[in-house]
Amino acid sequence: MAGPVKTEAVVLRSIRYGEADRILHVYTPMRGKLSAIAKGVRRSKSRFGGRLEPFFRLNLELHEGRSDLMTVTGAETISAFTTLRADERALNGAARACDSLGRVFDSGESHPEVFNLLCSALTLLDNYPEHATDGFQVAFRIKLLLAAGFAPQLAACATCGEAGELVGFSPAAGGVVCASCEAGSFELDGETHRFLTDALGRPLADLPSVDRRVVALADRAVSETAAHHGQVRFKAIA
């Protein structure tokens, strides 16, 4: 329905458009991912200032017309995450988290828990930039898959339900597999299995420190699950 819209939002991406405008991709708690144009925002005397940049948490006022592209009519800063913006690691971590969210949740459906997850992640990076690790990205992504309904099965064999002797991971089956069902899987050691379980069940701030080999294997499990069951292609983690 056309008319004014008020919503809390986090700016995922901001793209230059024309001589002075920007196209914003934002994520909201009740309307999911939205796109809007901020007219004249790049002019020096714009009333929006710099608050429509990526990772700002805002109270947005929008006008919804007949097109899919709304128009920004007002914006009030809730949090600018200024510490995050001064740290290259945290800034990169925020960008990758926003990109991952936008790939999994690319519609206007309501997912307030996903909005809260994003805000928690940005707050953590703002307060503790050292958390901006590759392991943090894997954990954030697996939590996105949980919210989307296709998180990997980690407690028992995804094929037969056997809880013991879990030796591999099968993206096609949707999780860990036992020795009897390992065909088509790749080997998954106990340390990586524990990290995936922790990443799924523990807060982002409580993740254990693990080596690069574990992170790389866990990332493969999460990324291939997303591709197979959600048709989502994550950017590679360096």
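Placed above this text is the structure.
Residues numbered from 1 in each chain as written. Predicted model: local features only at pLDDT ≥ 70, side-chain atom pairs only at ≥ 80, totals over all residues. Heavy atoms only, no water.

Bringing the packing of helix H5 (residues 190-201) against helix H6 (residues 212-230) into the picture now. Where H5 meets H6, the axes come as close as 9 Å, and the angle between the chain directions of the two elements is 60°. As for the relative orientation of H5 and H6, their crossing is right-handed in sense. Every residue of H6 that contacts H5 at Glu 191, Thr 192, Phe 195 and Leu 196 is listed here: Arg 213, Val 214, Leu 217, Ala 218, Ala 221 and Val 222. Broken down by class, the residue content of the contact of H5 with H6 amounts to 7 nonpolar, 1 polar and 2 charged. (Axes fitted to C-alpha atoms, helices over the stretch in contact; angles between N-to-C directions. Helix = DSSP H or I, 4+ residues; strand = E, 2+ residues; numbered from the N terminus. Left-handed = near helix turned anticlockwise from the far one by under 90°. Contact = heavy atoms within 4.5 Å. Nonpolar A, V, L, I, M, F, W, Y, C, P; charged D, E, K, R; others polar.)

So, about the environment of Asn 59. Relative to the assigned elements, Asn 59 resides in strand E4 (residues 57-64). In sequence terms Asn 59 and Glu 76 are 17 residues apart; their C-alpha atoms lie 5.1 Å from each other. Those residues in contact with Asn 59 that sit more than four places away from it in its chain are Thr 7, Glu 8, Gly 74, Ala 75, Glu 76 and Ile 78.

It is worth spelling out the sheet that holds strand E1 (residues 3-17) at this point. The strand order around the closed barrel built from 5 strands is E1-E2-E3-E5-E4, with neighbouring strands paired in mixed fashion. Direction aside, neighbouring strands of the sheet carry axes that sit 50° apart on average. Both E1 and strand E2 (residues 21-28) contribute to a ladder of 7 bridges, which runs antiparallel. Pairing of Arg 16 across the sheet is with Arg 22, part of E2. Where helix H2 (residues 88-104) meets the sheet, it contacts E1, E2 and strand E3 (32-38), and its direction lies at approximately 120° from that of E1. Seen against the sheet, helix H3 (residues 112-127) touches E1, E2 and E4 and runs at an angle of roughly 50° to E1. (Pairing = 2+ DSSP bridges.)

This part is about the packing of H2 against helix H4 (residues 134-148). The contact between H2 and H4 brings their axes to 10 Å, and the two run at 20°. Relative to H4, the element H2 lies roughly parallel. Two packed elements cross with a definite hand, and for H2 against H4 that hand is right-handed. Side by side, H2 and H4 meet where Gly 93, Arg 96, Ala 97, Ser 100, Leu 101 and Val 104 of the first sit next to Asp 134, Gln 137, Phe 140, Arg 141, Leu 144, Leu 145 and Ala 148 of the second. Its residues assigned to classes, the contact of H2 with H4 comprises 7 nonpolar, 3 polar and 3 charged. (Parallel < 35°, antiparallel > 145°, perpendicular 65-115°, else oblique.)

Let us look at the packing of aromatic side chains. Applying the stated criterion to the full structure yields 1 aromatic pair. Look at Phe 169 and Phe 186: their rings are 5.7 Å apart centre to centre, the planes differ by 35°, and that puts the pair in the tilted class. You can see Phe 169 sitting in strand E6 (residues 166-170) and its partner Phe 186 sitting in strand E8 (residues 186-187), a full 17 residues away along the chain. Accessibility expressed as a relative area gives 0% for Phe 169, which makes it buried. Over the ring of Phe 186 we find Arg 220, and its NZ or CZ is 3.9 Å from the ring centre. (Phe/Tyr/Trp six-rings, centres within 6.5 Å; stacked < 30°, edge-to-face > 60°. Buried < 20%, exposed > 50% of the residue type's maximum accessible area, 1.4 Å probe, protein only. Lys NZ or Arg CZ within 6 Å of the ring centre and 35° of its normal.)

By themselves, these figures tell us nothing about what the structure is for.
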